[in-house]
Amino acid sequence: MMDFKFGFVVDTDAEPEGRQQENDKRTNTCNDVTNEKDEGESRKKLKTSDANTNAKEFYLPDVQDEILEGKQTVKLVAGLIDFEVIDSENVEVKLKDRKDSQVVEVISENSDLLPNVYEGGLKIWECSLDLVEFMNDASIEFKDTKVLELGCGAGLPGIFALQHGAEVVFQDFNEEVIHEVTIPNVVLNCKILKERPPKCTFMSGDWKHVESMLGETHRKDSEQFDVILTSETIYSIESHESLHSVMKCLLKTSGTIYLAAKTHYFGVGGGTRMFEELINKKGNFTVEVCKTYPEGVQREILKIKNK
């Protein structure tokens, strides 16, 4: 398997000396990794699995301190928002020692994903930071809303919504990502909410099975999601149909989807333009670009609503 490196890498060596320096570091790091032509070719050659992952649901335990035992953390900044997150490199080292790990084959070969086995959820991807920065700058209202983050990984956009009063469902393909990264990150960043325990659940599984499970419990419009968040989930054209389907099934009539992604993922064909084409072809949604990040490979925030 060829090496595949695609994501935004968090600097774990030093504490930021200032917010502007951190933002500059982020921009420089992003520029270092966004020459994706060769990366796309690597994606195309990754072997895949035909196995579907059934949906599973998880909840925060009553005793949350144990979740963070033995975990190493790092700090990062998304615009004006500070996060403390689990050190993914440390998690990868731990998982390499587990014989039953779903992702051990991928991380052992220094790759970021294996389609239908591991979708990169241990990494911090730059568009997730874009989405947090955008939501903060746009003052999006989350109080008393129901939010679904699809392909959450570290869960930063969902955590932002949770901190601002939303009830959030975090979904990722891999159960290990949910337990090792997503849930600990929620605990780390929602300590301030201990007096009011955060209303959140967690789901693992592919979008087909997640749609089936949530579709059973969210049939009425009032039970569906006010906001759906997702970032870096449209790199592969093959995933567009299932993503569109789960969005259509679970978005409230008056709801909004915020999607953060690159305009084009070189070598694999996905990106915001291709997903817009699918949206226009299906005819269920309207779509507009509400923010563009031109540095490096261009990134965008799409706002998607029901017609």
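The rules behind each value
- Residues numbered from 1 in each chain as written.
- Predicted model: local features only at pLDDT ≥ 70, side-chain atom pairs only at ≥ 80, totals over all residues.
- Heavy atoms only, no water.
- Pairing = 2+ DSSP bridges.
- Helix = DSSP H or I, 4+ residues; strand = E, 2+ residues; numbered from the N terminus.
- Axes fitted to C-alpha atoms, helices over the stretch in contact; angles between N-to-C directions.
- Contact = heavy atoms within 4.5 Å.
- Buried < 20%, exposed > 50% of the residue type's maximum accessible area, 1.4 Å probe, protein only.
- Salt bridge = Lys/Arg side-chain N within 4 Å of Asp/Glu carboxyl O.

A. Fine view of the sheet that holds strand β1 (residues 56–59). The sheet built from eight strands is open, its strands ordered β1-β6-β5-β4-β7-β8-β10-β9 with mixed pairing. Each edge of the sheet is formed by a strand with only one pairing partner; in this case those strands are β1 and β9 (285–293). Sheet twist, expressed as the average angle between the axes of neighbouring strands with direction ignored, equals 20°. Here strand β4 (residues 146–150) runs beside strand β5 (residues 167–172); their pairing, made up of four bridges, is parallel. Each bridged residue has a counterpart across the sheet, and for Leu148 the counterpart in β5 is Val169. Across the sheet, helix α7 (residues 175–189) lies against β1, β5 and β6 (200–204), angled at about 160° from β6, the strand it touches most.

B. Quick look at unusual backbone geometry. For Ser139, which is not a glycine, the phi torsion comes out positive at approximately 50°. Mapped onto the secondary structure, Ser139 falls in the loop between α5 (126–137) and β4. The exposed category is assigned to Ser139, whose relative accessible area is 59%. Phi at Glu232 takes a positive value of approximately 55°, unusual for a residue other than glycine. Relative to the helices and strands, Glu232 is located in the loop between β7 (225–231) and α9 (240–250).

C. View of the pattern of salt bridges. Under the defined criterion, the tally for this structure stands at 15 salt bridges. Across the pair Glu84 and Lys75 runs a salt bridge, and its minimum N-O distance is 4.0 Å. With relative accessibility at 40%, the residue Lys75 sits in the partly exposed group. Residue Arg299 is joined to Glu126 by a salt bridge in which the shortest nitrogen-to-oxygen separation is 3.5 Å. A residue pair is termed long-range when its members are at least 10 positions apart, and Arg299 in strand β10 (residues 299–306) and Glu126 in helix α5 qualify at 173 residues. Look at Arg299 and you get buried, because its relative accessible area is 1%. You can call Glu126 buried: its relative accessible area is 0%.

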